[in-house]
Amino acid sequence: MPDLRVNGHDYAFDTNVGRSLADVLREDLGLTGTKVACGEGHCGACTVQLDGVPVLSCITLVHTVGAREVTTIEGLRDHPLVSAFVRTDALQCGFCTPGQIVSAAALVASNPDPTHEEIRHGMAGNLCRCGTYPRIEEAIATWRG
Amino acid sequence: MVGRDSPRLDGLAKARGEARYTADVQLPGMLHTALLHSPFARSRVRRIDVAAAEAAPGVRAAIGPGAVEGLEAEAEYEGYAVAAVAAETLDQAEAALQLIDIDWEELEPLLDATVAVERGSLVADSRRYERGDYERGLGEADAVVDSEYRTQTLNHNSMETHQCVCEWRGDGIDVHISTQYIWGVRRDLAKALGLPEDKVRVVCEFMGGGFGSKAGVDSSLLLTAELARLTGRPVRCALTRRAENMISGNRNATLQRVTAGARADGTLTVLGGEYTCALGWDGWLPPTAGPTQLLYACENVRTVEHGAKLNLPPMAAFRAPGFVEGTWSLECVLDKLAAQVGVDPLELRKLNYAHADAMDGRPYSSKGLMECYRRAEPHWERRHEVRARSDEIWKRGMGMASQIWYGGGGPPSYAWVRLGSDGRANVVTAMQDIGTGTRTAMAMIAAEELGLTVDQVEVQLGDSARGPFAVVSGGSSTLPSMGPAVRSAAADAARQVIELAAQRFEREERLLSLKGGNIVSSDGGSWPLAEITGLLEDGQILGKGARGPNPTGMRVLTFGIQLAEVAVDVGTGEVVVEKVVAIHDVGRVINPLGARSQIEGGIIQALGHTFSEARLDDPQTGTILTRTLDSYKVPTIADVPEIVCDLVDEPDVHLTNLGSKGLGEPPIVPTAAAIANAIRDATGADVTSLPITREEILRALRDAEARRRKEPVAAGAA
């Protein structure tokens, strides 16, 4: 039975080949902070990190994760970006927000002081239908508080 | 408190991924539903047998046409659900769909709105409106502009698709649903199921957007309730993104012919419009003529609106339905008229200002549109400088458009405020926060009335079993309808505290008030609130509040103006929106931080409407071609221009105990027209069709060039 390492914990899992990482996280592990909004890799709501790299968990087969560490929003709850998003009001309905923060965390980990253009480039894969983009940019630009 | 930036109370829960949406509801033994959608724009199920599906692995129930209302054998648009399967897993349910034995009879669809109107295929009776003498108005005009405009079909694409979980408990049902109207779902589902309303509990603590599309009971809820009844298990039904883009509602396409005439001094003498709305198979006729009827003081107005019934998915309300489409054409025509008579566009708008309601002469409860215009002046004065930055390739310009819309809310609406022995308050009402931040606004309003801080107030909403009736989150009505009820409930609780304090501290009630967490006497003396609430021990003070009526004999509306700065590449037709300035009057602003976010969000959605979004249908077959978020293009962070927000922020003294109107819809109304007017200012090109594609820009540039050659004197702005 393979293991899945998520947010620093090891989970033994036994599931059908073909299931997505998003479904296993949400349905089997109860980690529902990761949202599924399109289910086909177009919107970014399901973004998680594999060894720090943002990936779309709805189109990542769980059996392909292997030994890589999965980081979900539940593992980033104390990241300064969380309070930055709240302070700058970078969310409305909030459904895309966990994915936004997971993407943003990967961005600032590799580039702690991203420019306007770098933020727009790094975050263009995360849709927000409420249109909180100006605030998301502000949150990321001021993420250290 | 009120009027100061307040981060939203539920921000942390949402940002940490702890907020539980309908999508996150997982009940023990829950089954999953897959829907069989019609592949044709118009068809009939000749024969169907679900037995093989029902016998498939994991399947617990399968239903077909006639099982519930809305699941019929006549499939009048593509995507219409004719059968449903509930299974232990979604994969099993989807696999079982393939085993349904079905014989479709494909029928000839009606897809053209103009043809539908000619044939009398209408969802509702055509709506005609006339005031004054239209022909006389035309005769008095020194200049008349008469133009055709088109708008496209748009999908809401809320991040959380339409979904619900139904669970029968005894003789009642619990429904978790992503909805804008908890109480409406309770009422309509009870009626459909033949249950007393209190047997239906509707829960929606958090929802992933709606924008108008989630305002009631639809067939997917009814079939889920039926599958839950048949199986005795909780059942989930969640639309896939592809189904969401077909059958969850849309902003209907329009074909509009708009006429405006003015005297040489710019005074409007006539306005007219004929609007054909491609509503799809069902829906209602949105007020597309509303802006033409309401925005300007014009004596002679004639409008007619048709709602074409077609073999396409039904429309649903979408953020200021009708007014978004109608403002686009009216405000474009107005700028063309301004150019013809040689009057500045801002002056033309001021000159034709409606000082009383343009339809019936009622006074406005308040109207800060002239103040919006005044604040627009310094921005508008920059237009010469903006145009001067044009070069051979990139032409720059500015444009504006006014905004008018409803947003006053109304009764009935109710709220309770519980005050505990710890001196903390709890606002309870069965409303929902669609994402606009109304939960936080309610806490701010209660805190202000009780002399508390926002973090001393909880807000319990999203459950029909837990609080009193609350309105639909639509029509920009949540805040102006619920806010006054909350304020009145908090005032009721405050009165009870003061009554107790007057006895306890031997003061007259009229001298006492609640401020800064204290009970304060105007003749000296101040006691912590907890000294009184502490007496309650396990008891609570319950304040009850109701929304009072709107002022009689007055018109309550929202107003604004937006200005856009654009750069147009005249070689390729590329348009870059460099800046949008939004100035709106919605009465008193409760939370400026949330208000700015509403304005930005509305404008960004409008940018999608203006440039990138369009549901494309095959004109021959009626097949929906844009079902995914890579083919239906909503704006990304990279598409956002500089946005400047300004709110008049004057309380409407005639409107309720709060003086606030709604802000959810106003910002999306004028953006497209302001951008089109800026494109005309920059290039002389007259765009008439949304979305503004490069092809549309290049066509408009060619037409402008042809006009220039024909009439060199009347050259356009470029």
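Residues numbered from 1 in each chain as written. Chains lettered and ligands numbered in written order. Predicted model: local features only at pLDDT ≥ 70, side-chain atom pairs only at ≥ 80, totals over all residues.

A. Representation of the overall build of chain B. Looking only at helices and strands, one finds 19 helices and 26 strands in chain B. Its C-alpha atoms give chain B a radius of gyration of 27 Å, near enough to 27 Å, the size a compact globule of 718 residues would have. With respect to the principal axes defined by its C-alpha atoms, chain B has extents near 85 × 80 × 45 Å. Taking all 718 residues of chain B together, 58% fall into the buried category. Contacts in chain B between residues at least 24 apart in sequence constitute 81% of all its contacts with a sequence separation of at least 6. (Helix = DSSP H or I, 4+ residues; strand = E, 2+ residues; numbered from the N terminus. Rg over C-alpha atoms; globule rule 2.2 N^0.38 Å. Buried ≥ 20, exposed ≤ 12 C-beta atoms within 10 Å, placed from the backbone. Contact = placed C-beta atoms within 7 Å.)

B. Region of interest: the overall build of chain A. Counting secondary structure elements, chain A contains 5 helices and 5 strands. Its helices and strands taken in sequence order, chain A reads β-β-α-β-β-β-α-α-α-α from the N to the C terminus. Projecting the C-alpha coordinates of chain A onto the three principal axes gives extents of approximately 45 × 25 × 25 Å. Buried positions account for 59% of the 145 residues belonging to chain A.

C. Local environment of the interface of chain A and chain B. Tallying the contact residues gives 41 residues for chain A and 44 residues for chain B. Of all the secondary-structure elements, those providing two or more residues to the side of chain A that touches chain B are α2 (80–87), α3 (97–110), α4 (116–123) and α5 (133–141) of chain A. With 5 residues, the top contributor of residues to the side of chain A that touches chain B is α5 of chain A. For the side of chain A that touches chain B, the residue count by class is 21 nonpolar, 9 polar and 11 charged. (Nonpolar A, V, L, I, M, F, W, Y, C, P; charged D, E, K, R; others polar.)

D. View of the packing of helix α10 (residues 323–341) of chain B against helix α18 (residues 671–683) of chain B. All names here are of chain B. Where α10 contacts α18, the two axes come as close as 8 Å, and the packing angle between them is 30°. If you check the angle between α10 and α18, you find them roughly parallel. Read as a crossing pair, α10 and α18 show a hand that is right-handed. Of the residues in α18, those touching α10 at Thr327, Trp328, Glu331, Cys332 and Asp335 are Ala672, Ala673, Ala676, Asn677 and Arg680. The residue makeup of the contact of α10 with α18, split by class, is 5 nonpolar, 2 polar and 3 charged. (Axes fitted to C-alpha atoms, helices over the stretch in contact; angles between N-to-C directions. Parallel < 35°, antiparallel > 145°, perpendicular 65-115°, else oblique. Left-handed = near helix turned anticlockwise from the far one by under 90°.)

E. Spatial organisation of the environment of Ile637 of chain B. Inspection of the secondary structure assignment puts Ile637 of chain B in the loop between α17 (592–612) and β26 (642–647). Here the alpha-carbon distance between Ile637 of chain B and Glu578 of chain B, two residues 59 residues apart in the chain, equals 14 Å. For Ile637 of chain B, the contacting residues outside a window of four places in its chain are Arg120, Met123, Ala124, Tyr133, Ile136 and Glu137 of chain A.

F. Region of interest: the sheet that holds strand β12 (residues 235–238) of chain B. Residue and element names in this part refer to chain B. Taken together, the 7 strands give an open sheet; going across it, the order is β3-β5-β1-β12-β9-β10-β11, and neighbouring strands pair in mixed fashion. The open sheet has two edge strands, β3 (59–63) and β11 (200–203), and neither has a second partner. Averaged over neighbouring strand pairs, the angle between their axes works out to 20° when direction is ignored. Where strand β9 (residues 163–169) lies against strand β10 (residues 172–177), 6 bridges are found, and the strand directions are antiparallel. Residue pairing across strands places Cys164 opposite Ile177, the latter belonging to β10. Packing of helix α3 (residues 90–97) onto the sheet brings it into contact with β1 (31–37), β3 and β5 (81–87), and relative to β1 it is tilted by some 30°. Strand contacts of helix α6 (residues 182–193): β10 and β11, with the helix running at about 145° to β11, the strand carrying the most contacts. (Pairing = 2+ DSSP bridges.)

G. Structural detail: helix α14 (residues 438–450) of chain B. All names here are of chain B. The end-to-end C-alpha distance of α14 is 18 Å, a good match for the 18 Å that 13 residues give at a rise of 1.5 Å each. In terms of burial, α14 is a largely internal element, 12 of the 13 residues being buried. For α14, the set of buried residues is Thr438, Arg439, Thr440, Ala441, Met442, Ala443, Met444, Ile445, Ala446, Ala447, Glu449 and Leu450. Contact partners of the buried residues in α14: β17 (414–419), β18 (425–428), β19 (457–460), α15 (478–505), β20 (512–515) and α17. Count one or two residues on from α14 and you reach Gly451, which has phi positive near 65°. (Expected span 1.5 Å × (residues − 1).)

H. The packing of α17 of chain B against α18 of chain B, seen in detail. Residues and elements named next belong to chain B. One way to put it is that α17 packs onto α18 with a least axis distance of 9 Å and a crossing angle of 60°. Between α17 and α18, the interaxial angle falls into the category oblique. Relative to α18, α17 is oriented so that their crossing is right-handed. Where α17 abuts α18, its residues Ile603, Ala606, Leu607, His609 and Thr610 lie against Thr671, Ala672 and Ile675.

I. Local environment of the sheet that holds strand β8 (residues 143–151) of chain B. All names here are of chain B. The sheet built from 5 strands is open, its strands ordered β7-β15-β14-β13-β8 with mixed pairing. A single partner strand is all that each edge strand has here, and the edge strands are β7 (122–131) and β8. Averaged over all pairs of adjacent strands, the angle between strand axes in this sheet comes to 5°, irrespective of strand direction. Direction of pairing for β7 relative to strand β15 (residues 301–309): antiparallel, over a ladder of 7 bridges.

J. Looking closely at the pairing of β10 of chain B. All names here are of chain B. Where β9 hands over to β10, the hairpin turn is made up of 2 residues, of which Gly170 adopts a positive phi near 65°. In this sheet, β11 lies alongside β10 in parallel orientation, the contact comprising 4 bridges. By the bridge assignment, Ile173 is partnered in β11 with Val200.

K. Local environment of the nonpolar core. All names here are of chain B. Among the nonpolar cores identified, the biggest contains 278 residues, and Val85, Val427 and Ala446 are the most heavily contacted of them. At 11 residues, α15 tops the list of elements feeding residues into this core. Beyond its immediate chain neighbours, meaning those up to four positions away, Val427 contacts Ala415, Val417, Met442, Ala443, Ala446, Val457, Val459, Gln460 and Val486. (Core = buried A, V, L, I, M, F, W, Y, C linked by C-beta atoms within 7 Å.)

L. Local environment of unusual backbone geometry. All names here are of chain B. Look at the link from Pro411 to Pro412: it is a cis peptide, with omega at -10°. Residue Pro691 is reached from Leu690 by a cis peptide bond, and omega for that bond is 0°. Inspection of the secondary structure assignment puts Pro691 in the loop between α18 and α19 (694–710). A positive phi angle is found at Ala320, which is not glycine, with a value near 60°. Judged by C-beta crowding, with 31 C-beta atoms within 10 Å, Ala320 ranks as buried. Look at Glu537: it is not a glycine, yet its phi comes out positive at around 50°. Mapped onto the secondary structure, Glu537 falls in the loop between α16 (529–533) and β23 (541–546).

M. Structural view of the pairing of strand β16 (residues 394–405) of chain B. All names here are of chain B. Most of β16 sits inside the fold, with 11 of its 12 residues counted as buried. Of the pairings in the sheet, the one linking β16 to strand β24 (residues 558–569) comprises 12 bridges and is antiparallel in character. Paired with Ala401 across the bridge in β24 is Gln562.

N. Quick peek at the confidence of the model for chain B. Residues and elements named next belong to chain B. A residue-level look at chain B finds 99% of positions with pLDDT of 70 or above and a mean pLDDT of 97. When the criterion is pLDDT under 50, residues 714–718 qualifies, and its contacts beyond four places in sequence or with other chains add up to 12 contacts. Across the interface, the model reports ipTM at 0.98; the global pTM reads 0.97. (pLDDT = per-residue confidence, 0-100.)

O. Examining the environment of Arg349 of chain B more closely. All names here are of chain B. As for its placement among the helices and strands, Arg349 is situated in helix α11 (residues 345–351). On the basis of neighbour counts, which here come to 26 C-beta atoms within 10 Å, the residue Arg349 falls in the buried class. Linking Arg349 and Ala297, residues 52 residues apart in sequence, is a C-alpha distance of 9.8 Å. Residues contacting Arg349, with those up to four places away along its chain left out, are Tyr373 and Ser402.

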